[in-house]
Amino acid sequence: MTQLIDLLEDVRACRLCESHLPLGPRPVVQAGQGARLLIVGQAPGTRVHETGTPWNDPSGDRLRDWLQVGRETFYDESQIAIIPMGLCYPGRGKGGDLPPRPECAPQWHGPLLAELPNLRLTLLVGRYAQRFYLAKPGKTLTDTVRHFARALDQGFFPLPHPSPRNRLWLQQRPWFEEEVVPELRKQVASALQKAADG
C-alpha cells in the first residue's frame, strides 16, 4: 500500500507536459489497492480541473447512471480506480477539448496498474482508451462498443464517452441503452460485489 501512496504522490506531482497545458498541471487520478473496477476515460475537463474530482460534471452524472452506481461508491477508491488517458486538462480545440496528452498513459498507466492487483473489470471510455488497451479495437468506436463482448473476454468493457456532446450518437443508436447498458450494469455490479465480499 505504501508503494501505491508514494506512486500517487509522484503522479500528482507530474510536470511532464507542463508547457503544453493552458491551465497548468493538475493530475487527477483515484486509486486504492483493493479496487476491483477501473475506469479509463479521456482527460479532465475544466470543471474537473477546478475541483480535482474526477468525473465531477454532467458526463460523470451520465456515466454513474449507466453504471447504476451512486457518488459514494463511485468515489470510494477502495472499490473504484479512475485513471484517465491524460491526467491533466489538455486545453480546448475547435470542436471541444483537445485530445489527452500522449505522454501520460505510457508514463503512468503501467506503474499504476502494477499496484492494483485486484482489478476485475476495466471500463474503456472513448476511443483513446480503447485504442491504447485493446489489441484489436473495431474500425470505429461504434463497432467496438457494439461488439463489446469481444473485449469483455479480456476484462475490458468499451463505452462511448458520456459527454452531452454525444447525445446524437446515443439517439441514433438505441441498442446502446437497450442492450449494452444492462450488461454493463450486470458486469459492474459483479465486480463490485466481489469487492464487497473481499
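Residues numbered from 1 in each chain as written. Predicted model: local features only at pLDDT ≥ 70, side-chain atom pairs only at ≥ 80, totals over all residues. Heavy atoms only, no water.

Novice: Explain the overall build of the protein to me, and be specific about the residues and the numbers.
Specialist: The secondary structure content of the protein amounts to 10 helices and 6 strands. Taking 198 residues into account, the globule formula puts the C-alpha radius of gyration at 16 Å, and the protein, at 16 Å, falls close to it. Dimensions of the protein, computed from C-alpha atoms along their principal axes, come out at roughly 45 × 40 × 30 Å. Taking all 198 residues of the protein together, the buried fraction comes to 48%. (Helix = DSSP H or I, 4+ residues; strand = E, 2+ residues; numbered from the N terminus. Rg over C-alpha atoms; globule rule 2.2 N^0.38 Å. Buried < 20%, exposed > 50% of the residue type's maximum accessible area, 1.4 Å probe, protein only.)

Novice: Which residues make up the pattern of salt bridges, and what values go with them?
Specialist: By the definition in use, this model includes 4 salt bridges. With a shortest N-O distance of 2.9 Å, Arg64 and Asp61 are connected by a salt bridge. Of this pair, Arg64 and Asp61 both sit in helix H3 (residues 58–67), 3 residues apart, which is roughly one turn of the helix. Two residues, Arg150 and Asp143, come together in a salt bridge whose shortest N-O distance is 3.6 Å. In this structure Arg150 comes out as partly exposed when scored by relative accessible area, which is 47%. By relative accessible area, which is 25% here, Asp143 ends up partly exposed. (Salt bridge = Lys/Arg side-chain N within 4 Å of Asp/Glu carboxyl O.)

Novice: Tell me about the environment of Leu121, and name the residues and values.
Specialist: Along the polypeptide, Leu121 turns up in strand E5 (residues 121–125). Spatially, the C-alpha atoms of Leu121 and Gly155 are 5.1 Å apart, while their sequence positions differ by 34 residues. Apart from residues lying up to four places away in sequence, Leu121 is in contact with Arg36, Leu37, Leu38, Leu152, Gly155, Phe156, Phe157, Gln187, Val188 and Ala191. (Contact = heavy atoms within 4.5 Å.)

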